[in-house]
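One letter stands for each residue in the lines below.
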Amino acid sequence: MSIALEHVGIRFRAGVEALRDVTLDVGRGEFVAVVGPSGCGKSTLLSAIANLLDPAECEVVGRILVDGSAPGTKSRRELNLGYVFQRDALLPWQTIDQNVQLGLAIRDVDPRERRERSRALLEMAGLTGFDRYYPHQVSGGMRQRAALVRTLAYDPQVILMDEPFGALDAQNRMLLQSELLRIWQASPRTILFVTHDLAEAIVLAQRVVVLSRRPGAVKAVYDIALPYPRDAFALRGSAEFGRLETTIWQALRDEFRATLPEPGVA
Amino acid sequence: MNRTWSLALRRAALIVAIFALWELVTGGFGLGLVLTSPAILARPSSALAELGPYAASGLLWRDLSTTLIEAMVGLVLGIIGGAALGLALGYWRRASELIEPVLVSLNSLPRIAVAPILLPWLGLGIASKIALSFFTVFFVVFFNTYLGVRSVEPELVKAVQVMGGDRMHLARFVVLPSVFTWIFAALRTSVSFALTGAVVGEFVGASSGLGYRLNIAAGLLDTKRVYLILLILMVFAVTLVEIAKRVEARLLRWRPSAVLAG
Ligand SMILES: Nc1ncnc2c1ncn2[C@@H]1O[C@H](COP(=O)(O)OP(=O)(O)OP(=O)(O)O)[C@@H](O)[C@H]1O
Ligand SMILES: [Mg+2]
């Protein structure tokens, strides 16, 4: 499944123009990362694609197509979309295991099969033995891993990820990046991955889209010509990685600068 | 474990000390120290001695069961009614906008003030006490449920929606669990409200019940019995609240314990 955005603009009725004239194509099975300064509309963009914006709150212009159809025209189950939220969004009153099974329960999958799939996914996420814990009883990294496999559980063909590793420490973050790479390489699905971490974007994605500061517009798009399978650790030391990081940082820096007060002139 | 035991011990010691002091200033322990008239403050040991005749007459059991039934039926009906209306209005915005001022005015009315009008409607039997008990509980549960529906975490709603969940799934996985926490948060308050409703209803007019017996004893200046019944009511309320606390801790064990302690 693919995602196509044509001249998309989003304005909140409260007064903020979040996005302006965003045109972007994510092909079937493609891994695209979006970077941009805080508040430039990255989360809003994902919400619009997933049809989660409240029409009473904002106005959307332009065209959004997911698998060729506009938001709201196909049932969500048919669309089979995955969304990993900026905060983990696990149900606090359900155990880790029940949370992982949530999408399958909604799809009325047979309980036995649900349990089996959950067990396999929890093992993959290194959460074996924590299946009966409640979210508040496990660490932030474990919650985020649970949220990731909860999305994988029902095998969505498009996955939107909103800074899924943003709240993690550097080690956990790299481990999860490797895990995500491994999963995607094993069975490519369309992924739109929002992050404010440029290195993360380069390590993971085939293309990196740089958004300008608010109102967010596509400032530049970079092809990341690093071959897969990639190694999230080894890659960071390579010359090609350094070159890409420098180039993209040039574009990104101005956008970040403009959102911060100029230092030194006191 | 050690800490909880030592705390329990110290708490028990405090209660014993309070009773000992009370016994002392009402002329107890053969020391003849009487600070107030026995018509105002009965000696705890003589109040407790009243328990024998009260129980032997068969009235204790009758009063206890009357009040318990009134309070419990009122509590259960109040929770069911309050939760049902809270859910309905939480979902149905139009209706809630319309009806909210009515409910807010009714709620701001001191609830037990309606007791005198319930009596001519429902008579001296338990129905009028159940109604008063229901009325006091209903609003607490209603407002908590209503707020519970309204304050559901939007992120959780979105997570279930994205996965393809419909309204039923949202209710089952997000709204109801969230509302339950609000109802249980109100459970302890509801229990003591239910008891208050029943006892006050009995004050106004009844033929049995702890409140009725208390009122008669007070009229006869039977201070010992008054204090005995107050003690019984206290034990009764503490037991119910303790049960409510256990139920709450069991059903809300998914919550961080810091919240439970509060
Ligand atoms: N519901 C809303 N109502 C009004 N304004 C909103 C709403 N949601 C977001 N905005 C505004 O839209 C802009 C973009 O917000 P968004 O959350 O998409 O930013 P972001 O790029 O995801 O930022 P971050 O990196 O900090 O998560 C912000 O200025 C925000 O204040
Ligand atoms: Mg965001």
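Residues numbered from 1 in each chain as written. Chains lettered and ligands numbered in written order. Predicted model: local features only at pLDDT ≥ 70, side-chain atom pairs only at ≥ 80, totals over all residues. Heavy atoms only, no water.

Colleague: What am I meant to see in the domain arrangement of chain B here?
Modeller: The extent of an interface is frequently quoted as the accessible surface area lost upon association of the parts. Taken domain by domain, chain B comprises domain 1 (1-41) and domain 2 (46-251). With centres defined by C-alpha atoms, the gap from domain 1 of chain B to domain 2 of chain B works out at 31 Å. (Domains from an automatic or database assignment.)

Colleague: Help me understand the site of ligand 1 in this model?
Modeller: Residues and elements named next belong to chain A. Neighbouring residues of ligand 1: 14 residues in total, closest S38, K42, S43, T44 and R214. Within the side chain of S38, a nitrogen or oxygen atom sits 2.5 Å from an oxygen atom of ligand 1. In the environment of ligand 1, an oxygen atom lies 3.2 Å from a nitrogen or oxygen atom belonging to the backbone of C40. Out of a free accessible area of 640 Å², ligand 1 has 69% covered by protein chains. Tallying contributions element by element places helix α1 (residues 42-49) first for the shell around ligand 1, with three residues. Each residue belonging to the shell around ligand 1 can be placed in one class, and the counts come to four nonpolar, six polar and four charged. (Near = heavy atom within 4 Å. Polar contact = N/O pair within 3.5 Å; in protein donor to acceptor, adjacent residues only side chain to side chain. Areas by Shrake-Rupley, 256 points an atom, 1.4 Å probe, with all protein chains shown as cover. Helix = DSSP H or I, 4+ residues; strand = E, 2+ residues; numbered from the N terminus. Nonpolar A, V, L, I, M, F, W, Y, C, P; charged D, E, K, R; others polar.)

Colleague: What's the story with the pairing of strand β9 (residues 218-223) of chain A in this structure? I'm lost.
Modeller: Looking down a regular strand, the side chains alternate between one sheet face and the other. Residues and elements named next belong to chain A. Bridge count for strand β8 (residues 207-211) against β9 is five bridges, and the pairing is antiparallel. For V208, the partnering residue across the bridge sits in β9 and is Y222. Count of turn residues in the β8/β9 antiparallel hairpin: six residues. (Pairing = 2+ DSSP bridges.)

Colleague: Please clarify how the coordination of the magnesium ion (ligand 2) should be interpreted in this entry.
Modeller: When a metal holds four donors in a tetrahedron, each ideal angle between them is 109.5 degrees; when it holds six in an octahedron, the ideal angles are 90 or 180 degrees. Residues and elements named next belong to chain A. Coordination sphere of the magnesium ion (ligand 2), protein contribution only: S43 (OG) and Q86 (OE1), at 1.9 to 2.6 Å. One end of the pair, S43, is in helix α1; the other, Q86, is in the loop between β5 (81-84) and α3 (96-100), with 43 residues separating them in the sequence. Classification of S43 by relative accessible area gives partly exposed; the value is 26%. (Donors = N, O, S within 2.8 Å, 3.2 Å for Na, K, Ca; no water. Buried < 20%, exposed > 50% of the residue type's maximum accessible area, 1.4 Å probe, protein only.)

Colleague: What is the right way to look at helix α7 (residues 126-150) of chain B in this model?
Modeller: Along an α-helix, a turn takes 3.6 residues, which lines up residues three or four apart on a common side. Here α7 of chain B spans 36 Å end to end across 25 residues, near enough to the 36 Å set by a 1.5 Å rise per residue. Summarising burial for α7 of chain B: 19 of the 25 residues are buried, a large majority. (Expected span 1.5 Å × (residues − 1).)

Colleague: Honestly, the domain arrangement of chain A in this entry has me stumped. Any pointers?
Modeller: Residue and element names in this part refer to chain A. Entries for chain A in the domain assignment read domain 1 (1-75 + 157-164 + 190-245) and domain 2 (81-155). One C-alpha centre belongs to domain 1, the other to domain 2; they are set 25 Å apart. Taken together, the 14 residues of domain 1 in the interface contact eleven residues of domain 2. Note on domain 1 versus domain 2: buried area summed over both sides is about 1100 Å², and carbon and sulfur give 56% of it. At the junction of domain 1 with domain 2, the criterion picks out eight residue pairs in polar contact (both at pLDDT 80 or more). Listing elements by their share of the side of domain 1 that touches domain 2, those giving two or more residues are α1 and β6 (158-162). Top contributing element to the side of domain 1 that touches domain 2 by residue count: β6, with five residues. Counted by class, the side of domain 1 that touches domain 2 contains nine nonpolar, three polar and two charged residues. (Contact = heavy atoms within 4.5 Å. Buried area = accessible area lost by both parts, 1.4 Å probe.)

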